[in-house]
Amino acid sequence: MPADTGAAASATGTLTVDLDAIVANWRKLEKTAVPAECAGVVKADAYGCGARPVVRALSAAGCRTFFVATLDEARVVRAAASSADIYVLDGFFQDCGDAFATINCRPVIGDLNELAEWDVFCRRTGWAGGAAIHIDTGMNRLGLTLDEAQGILSRINAGDHGITLVMSHLACAESLHHPLNASQVAAFREIARQFSGVPASLANSSGVFLGARYQFDLVRPGAALYGVNPTPEAANPMQPVVELKARIVQTRSIDKGESVGYGATWTARRPTRLAVVSAGYADGYFRAGGSNDGTRGAEVVVAGTRCPVAGRISMDLLAVDITDLPPHAGVRRGHVATLIGEGITVDELAHHFGTIGYEVLTSLGGRYHRIYKGGPAEPRT
């Protein structure tokens with residue numbers, strides 16, 4: 001249990017990302033979706049795991065298509081995967097056309113004004129890099145309406161349209177029997193078949209596991225790549241990807257009846273031994289994971305044993321009750337506590353935080369020293 005010697009001396013903790021596990025998850029998703037192509041969604045810095053190393057690992061494994069949210073994210077992906085197809089989910093703005101062409105990435109167009117602006121840019125410049133059409137089938141977030149999609153079919157069927165993908169997005173795929181799933185897949189199947197010769201995509205991570213009729217030509221898993229459970233009504237089929245450890249900066253003893261943390265919401269019911277850990281809500285360990293006299297909060301692993309958080313989470317620190325650890329554990333300043341890993345999953349932590357694994361991963365702070373396991377060898381510079 002000594003401190004991780006691989007961590008930078010000034011770091012408060014270590015975030016380890018298993019690139020081989022990400023690749024294994026992608027391959028499982030790919031196998032589940034055969035014969036559909038399996039893309040990789042790497043927006044938000046690959047869900048907090050680091051877009052550059054993740055894209056390099058997935059590209060080396062055979063992933064040919066990536067989805068990001070922004071042009072800045074597309075630049076990172078292009079630097080890591082020179083020949084990949086890259087789709088930008090946030091769409092097209094006319095003042096960004098040159099950037100799309102320079103990066104050679106494709107906008108996901110979900111509005112008729114966007115489509116018109118993209119057409120103007122393509123005619124003016126002769127760019128033929130392609131674009132996706134996003135059709136709304138029930139999410140009511142982005143996308144052409146079904147009527148609007150019908151209205152552009154004559155253009156599609158005329159040929160030379162530059163559309164390389166037609167897609168929609170499931171709203172409730174994590175709920176196996178939600179009626180909106182059937183409604184969306186029926187609506188999308190009907191409109192997609194009219195986009196003659198254009199590949200179609202509907203399934204996100206959870207959608208992959210809804211079955212073949214949801215998979216179409218391409219599936220777009222995101223969170224499942226990073227170990228988040230895409231089937232929350234069943235066991236998680238994905239491998240865990242991240243491990244998070246933080247340094248113990250102090251141990252202390254308090255008497256029965258003394259309180260811990262802001263608001264004095266947690267009171268010791270016995271003489272108590274505490275370990276104070278250098279992670280807090282500024283590092284993505286949410287304040288909601290704390291405990292009080294009536295509610296048990298999250299747990300961390302110290303010396304191989306789960307120990308409960310004591311009191312509120314601070315910005316930079318959290319306290320852990322280590323009273324039940326045996327004396328020979330010898331917990332002291334400079335040792336580490338495991339916040340994710342050793343049986344504590346991202347989804348478990350999300351449950352304590354009152355959120356979802358997506359938010360946990362994308363909130364992990366920049367103060368952690370990052371270590372990458374596996375993946376392809378770094379190129380020589």
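This structure is a prediction, so every number in the text was calculated from the model and none was measured.

**Q** Is there a simple way to explain the overall build of the protein chain in this structure?
**A** The helix and strand inventory of the protein chain stands at 12 helices and 19 strands. Viewed in the frame of its principal axes, the protein chain has a C-alpha envelope of about 80 × 50 × 35 Å. In the protein chain, which comprises 381 residues, the proportion classed as buried is 52%. Taken together, the 35 basic and 38 acidic charged side chains of the protein chain have centroids lying 6 Å from each other.

**Q** What's the story with unusual backbone geometry in this structure? I'm lost.
**A** Outside of glycine, negative phi angles account for most residues, and trans bonds account for most peptide bonds. Omega for the bond connecting Val34 with Pro35 falls within 30 degrees of zero, at 10 degrees, which places this linkage in the cis form. Residue position: Pro35 is located in the loop between helix 1 (19–33) and strand 2 (37–38).

**Q** Explanation requested: the layout of surface pockets in the structure shown.
**A** Approximately 820 Å³ is the volume found for the largest pocket. Going through the elements one at a time, helix 2 (43–47), helix 10 (205–208), helix 11 (346–353) and helix 12 (357–363) are the ones with two or more residues in the lining of the largest pocket. When residues of the lining of the largest pocket are assigned to their parent elements, the largest contribution, 3 residues, is made by helix 11. Looking at side-chain class alone, the lining of the largest pocket contains 20 nonpolar, 10 polar and 6 charged residues. By volume, the second largest pocket amounts to about 370 Å³. Along its surface, the second largest pocket is lined by 20 residues, and Trp266, Arg270, Arg296, Pro308 and Asp321 are the ones closest to its centre. Those elements that place two or more of their residues in the lining of the second largest pocket are strand 13 (266–267) and strand 16 (305–308). Ranked by residues supplied to the lining of the second largest pocket, first place goes to strand 16 with 4 residues. Grouping the constituent residues of the lining of the second largest pocket by class yields 6 nonpolar, 7 polar and 7 charged.

**Q** How should I be thinking about the confidence of the model for the protein chain in this particular structure?
**A** Low pLDDT means the predicted atomic positions in that stretch should not be read closely. Looking at the protein chain, the pLDDT average stands at 94 and 97% of residues meet or exceed 70. Residue range residues 1–7 is modelled with pLDDT below 50. Its contacts to residues more than four positions away, or to other chains, number 17 contacts.

**Q** Even after reading the chapter, I still don't get the side chain of Asn181, so can you show me in this structure?
**A** With respect to the helices and strands, the residue Asn181 is situated in helix 9 (residues 179–192). You can call Asn181 buried: its relative accessible area is 1%. Of the polar contacts made by the side chain of Asn181, one reaches the backbone oxygen of Ser175; its length is 2.9 Å. With near-sequence residues (within four places) excluded, Asn181 lies in contact with Leu170, Cys172, Ala173, Ser175, Leu176, Leu210 and Tyr214.

**Q** Is there a simple way to explain the pairing of strand 15 (residues 299–302) in this structure?
**A** Two faces make up the sheet, and in a regular strand the side chains alternate between them. By the alternation rule, side chains of strand 15 split into Glu299 and Val301 and Val300 and Val302, which are all buried. When strand 15 meets strand 16, the two strands line up antiparallel, connected through 4 bridges. Bridge pairing in strand 16 places Val300 opposite Cys307. Between the end of strand 15 and the start of strand 16, which pair antiparallel, lie 2 residues, with Ala303 showing a positive phi angle near 55 degrees.

**Q** Even after reading the chapter, I still don't get the nonpolar core, so can you show me in this structure?
**A** Within soluble globular proteins, side chains that are nonpolar generally end up buried alongside one another. Counting 117 residues, the largest nonpolar core has Val42, Phe195, Tyr226, Tyr285 and Val302 as the members making the most contacts within it. With 7 residues, helix 1 is the single largest residue contributor to this core. Sequence-distant contacts of Tyr226, that is, excluding residues within four places in its chain, are made with Ile22, Val41, Val42, Ala46, Tyr47, Cys49, Val54, Val241 and Leu361. Core analysis: the second largest hydrophobic core is formed by 7 residues, Ile254, Val260, Leu274 and Ala319 among them.

**Q** Got a minute to help me understand the pairing of strand 18 (residues 336–340) in this structure?
**A** Burial runs high along strand 18: 5 of the 5 residues are buried. One ladder, built from 4 bridges, connects strand 11 (residues 242–254) with strand 18; its direction is antiparallel. Its bridge partner lying in strand 18, Arg247 is registered against Val336.

**Q** Please explain the side chain of Thr265 as it appears in this structure.
**A** For Thr265, the position within the fold is in the loop between strand 12 (259–260) and strand 13. For Thr265, the contacting residues outside a window of four places in its chain are Val260, Ser291, Asn292, Asp293 and Arg312.

**Q** It is not clear to me how the pattern of salt bridges should be interpreted in this structure. Could you clarify?
**A** Side chains that differ in sign of charge can pair as their charged atoms come close. Under the defined criterion, the tally for this structure stands at 13 salt bridges. Close ionic contact of Lys373 with Asp18 constitutes a salt bridge, the shortest N to O distance being 4.0 Å. Taken together, the residues Lys373 in strand 19 (residues 369–373) and Asp18 in strand 1 (residues 13–18) connect sequence positions 355 residues apart. A relative accessible area of 18% means that Asp18 is categorised as buried. When the shortest N-O distance is used, the salt bridge between Arg306 and Glu348 registers 2.7 Å. Note that Arg306 is positioned in strand 16 and Glu348 in helix 11, a separation of 42 residues in sequence.

**Q** Would you explain the environment of His351 in this entry?
**A** Topologically, His351 is positioned in helix 11. Separated by 138 residues in the primary sequence, His351 and Arg213 place their C-alpha atoms 31 Å from one another.

**Q** So what exactly am I meant to see when it comes to helix 11 here?
**A** Every α-helical turn comprises 3.6 residues, leaving residues that sit three or four positions apart pointing alike. Here helix 11 has its buried residues at Val346, Leu349, Ala350 and Phe353. Angular distribution of buried residues about the axis of helix 11 spans 105 degrees; they occupy a single face of the element. In the core, the buried residues of helix 11 are packed alongside strand 11, strand 18 and helix 12. Positive phi shows up at Gly354, right after helix 11, with a value of about 70 degrees.

**Q** Would you mind showing me how to read helix 9 here?
**A** Over its 14 residues, helix 9 extends 20 Å from the first C-alpha to the last, a length consistent with the 20 Å expected when each residue adds 1.5 Å. Taken together, the buried positions of helix 9 are Asn181, Gln184, Val185, Ala187, Phe188, Ile191 and Ala192. Buried residues in helix 9, looked at end-on, bunch into an arc of 165 degrees, giving them a common side. Those residues of helix 9 that are buried are in contact with helix 7 (146–151), helix 8 (153–157), strand 8 (163–167) and strand 9 (200–201).

Reading the values: rules and limits
- Residues numbered from 1 in each chain as written.
- Predicted model: local features only at pLDDT ≥ 70, side-chain atom pairs only at ≥ 80, totals over all residues.
- Heavy atoms only, no water.
- Helix = DSSP H or I, 4+ residues; strand = E, 2+ residues; numbered from the N terminus.
- Buried < 20%, exposed > 50% of the residue type's maximum accessible area, 1.4 Å probe, protein only.
- Lys, Arg positive; Asp, Glu negative; His and termini not counted.
- Charge placed at Lys NZ, Arg CZ, Asp CG, Glu CD.
- 1 Å grid on protein atoms, 1.4 Å probe; cavity = no way out; pocket = protein on both sides within 12 Å on 5 of 7 lines; lining within 4 Å.
- Points joined across faces, edges and corners; volume = space filled by probe spheres on them.
- Nonpolar A, V, L, I, M, F, W, Y, C, P; charged D, E, K, R; others polar.
- pLDDT = per-residue confidence, 0-100.
- Contact = heavy atoms within 4.5 Å.
- Polar contact = N/O pair within 3.5 Å; in protein donor to acceptor, adjacent residues only side chain to side chain.
- Pairing = 2+ DSSP bridges.
- Core = buried A, V, L, I, M, F, W, Y, C linked by side-chain atoms within 4.5 Å.
- Salt bridge = Lys/Arg side-chain N within 4 Å of Asp/Glu carboxyl O.
- Arc of directions from axis to C-beta.
- Expected span 1.5 Å × (residues − 1).

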